[in-house]
Amino acid sequence: FTRHPEVIQRLCADAANLLWSLLDGLIWRSRVAVAGQRRVNYYVKHLMQDGEGKVNKAMEWLAENKDPKIICHPAVVMFSDVFWGQLANKYFLIGRLYFLFMLVVFLASQSILQNHDEIEKETEEQNIAIFACRLIIYLGSLTRLIFQQIKFCFTDCQEGAMTKVIGFLPVPNYLFSFQQFGSLVLTICLVLMLALEPIVHCISAETEKLFSPYCNASEDIIYAYSILSAVAMLLYWLLLTDLTVFSMRFSAFLLVIGRVASEVGLFLGALIYLIAAFSGAISSLKQNLSDFAGMHWSALSLWEIALGIYPSSHFSSVIQTEFVMIAVSLFVIMIAIFLLNLLIAQLNGAYQVVYEDMVGYARLNRAQIIVTTLEQVSQKRWFHFLQNQKFEERLEFGEGDIGLPGGLQVTEPANANPTTVDSIRRFGGSTSRTMPWPEEANLDGGDDDKFERLEKLIVRATKNMGASRGSKKAGSSSAGASGASGSGRGSGGAEEGSE
């Protein structure tokens, strides 16, 4: 890491298969278990901080790699959990609690205190509370959302992080995140709500009660305002789902829903196609059914039949028209028997594929949040965090057996990762330089001896190839040259023997 601080980035880009081996080398497990617990050292200092003591980009590189298996490596899990548990979760929770407070205020102003059908029962105190809540939303939530959108858009434009959509339309990369795209749509809804705010339009009008949203000026806009309010309410709840990152179980479940949602989209696409086909066919028939009078009414009736909400009393009129009954029967057979069972099979197959890596995808989601949150941490708070890790202290391999610094030591159940061979090579004798260690007989042939024998074999083969080429050039007519070549081989062999 000192010579190649970007080794994680290089391996992610060029040799992802070597990442697991590299991370395995950062873990030491004792082969001795005490009271059912095994001592484990994770040497993750250089994964958490760089040579200057700042935040290392290893977490960012691993998150961008989007490999659900490598993110679940024990070494990565260790330092990411330390980041999350001791640093990132507090900053993230503060931001989410602020967003939750805004959701409660928005819920109170639009759903709890608001009475759309009981205008006569409204009170001045109620109108003042609604006005205060909406003022908090516009000043506290809308301004913050606008600032975040401008900041992210400016950053992506400055760094050139743009992706062309439909071949020619450049879009900032931050909008490809569900949270950021949802925040943009929520910002647009709140801006339109502010422009259509009934209370603002009724301030200049003469109303019986203060801050009343009902007047002649708001009659044409109050329905559009209510639609925007409903969309914004759904977006507030959807954007709050990232709180599931505090639990890997809930986060994995939510991500599985997102992964299999594409199968539901395919089902809805096929359903709409069949509705359009059968509604057009039924509308072309000569029939007097009011539920199928025109393609739009036919499509609505077929949609109700597909969802099971079509009134059963209306089927009696459908049965009386033979061809309409045949068309509706075919539609029901294709929906209830074919498409629904196909959807179940697709959901089952998609779940089986995602299930193996759902925890990995959940940890990737948390890793992205950690990277974003660490950018907000002050330098003072960061250095205080590093001091608490005590990376400069040497970790013990056992009682009184002092090892290397730069890691974190934990204990795990002895049966979690059985270890029978110690990864540390130990030599008996004194540590004095004047008394060298005795040479150990390597009976099974260690890796060092294997590489040494392989190197000698390559050198010998190279010399033999060079000698054989010289003999072919000389030809069989030159016996003297051939003898010289033979003596050269003999000397070469003698030299190898002396080596």
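Now for a quick tour of the structure. (Residues numbered from 1 in each chain as written. Predicted model: local features only at pLDDT ≥ 70, side-chain atom pairs only at ≥ 80, totals over all residues. Heavy atoms only, no water.)

Counting residues in each nonpolar core, the largest one holds 42 residues, and the members touching the most others are I8, L47, M48, L62, F79, F83 and F385. If you list the elements that add at least two residues to this core, you get α1 (7-14), α2 (19-24), β2 (37-42), α3 (45-48), α4 (58-65), α5 (74-112), α14 (358-374) and α15 (379-389). Ranked by residues supplied to this core, first place goes to α5 with 10 residues. With 23 residues, the next largest nonpolar core counts A108, Y138, L142 and Y225 among its residues. (Core = buried A, V, L, I, M, F, W, Y, C linked by side-chain atoms within 4.5 Å. Buried < 20%, exposed > 50% of the residue type's maximum accessible area, 1.4 Å probe, protein only. Helix = DSSP H or I, 4+ residues; strand = E, 2+ residues; numbered from the N terminus.)

Take the sheet that holds strand β1 (residues 27-34) next. Taken in spatial order, the three strands of this open sheet run β1-β2-β7, and their pairing is antiparallel. Edge positions in the open sheet fall to β1 and β7 (408-413), since each of these has one partner strand only. Averaged over all adjacent pairs, the angle separating strand axes in this sheet is 25°, with direction ignored. Where β1 lies against β2, five bridges are found, and the strand directions are antiparallel. Counted as the bridge partner of V34 is Q37 from β2. (Pairing = 2+ DSSP bridges. Axes fitted to C-alpha atoms, helices over the stretch in contact; angles between N-to-C directions.)

A separate point is the state of the cysteines. Scanning the model with the defined rule gives one disulfide in all. A sulfur-sulfur distance of 2.0 Å marks the disulfide that ties C202 to C215. One disulfide, between C202 and C215, carries an S-S torsion of -85° and so falls in the left-handed class. With C202 in the loop between α8 (198-201) and α9 (222-239) and C215 in the loop between α8 and α9, this pair connects stretches of sequence that are 13 residues apart. Among the residues examined, C215 registers a relative accessible area of 12% and is labelled buried. (Disulfide = S-S within 2.5 Å.)

Turning our attention to the packing of α5 against helix α7 (residues 178-195). Pairs of packed helices are described in terms of their axes, by the angle between the two and the distance that separates them. Between α5 and α7, the least distance of the axes is 15 Å, while the angle of their chain directions is 35°. The way α5 lies across α7 gives a crossing that is left-handed. Listed contacts from α7 to R96, F99, F106 and Q110 of α5 are Q179, L186, L190 and M193. A per-class count over the contact of α5 with α7 returns five nonpolar, two polar and one charged. (Left-handed = near helix turned anticlockwise from the far one by under 90°. Contact = heavy atoms within 4.5 Å. Nonpolar A, V, L, I, M, F, W, Y, C, P; charged D, E, K, R; others polar.)

This brings us to the environment of M358. Secondary-structure assignment places M358 in helix α14. Considered as a pair, M358 and L255 are 103 residues apart in the sequence and their alpha carbons are 7.1 Å apart. Excluding residues that lie within four positions of it along the chain, M358 makes contacts with A252 and V256.

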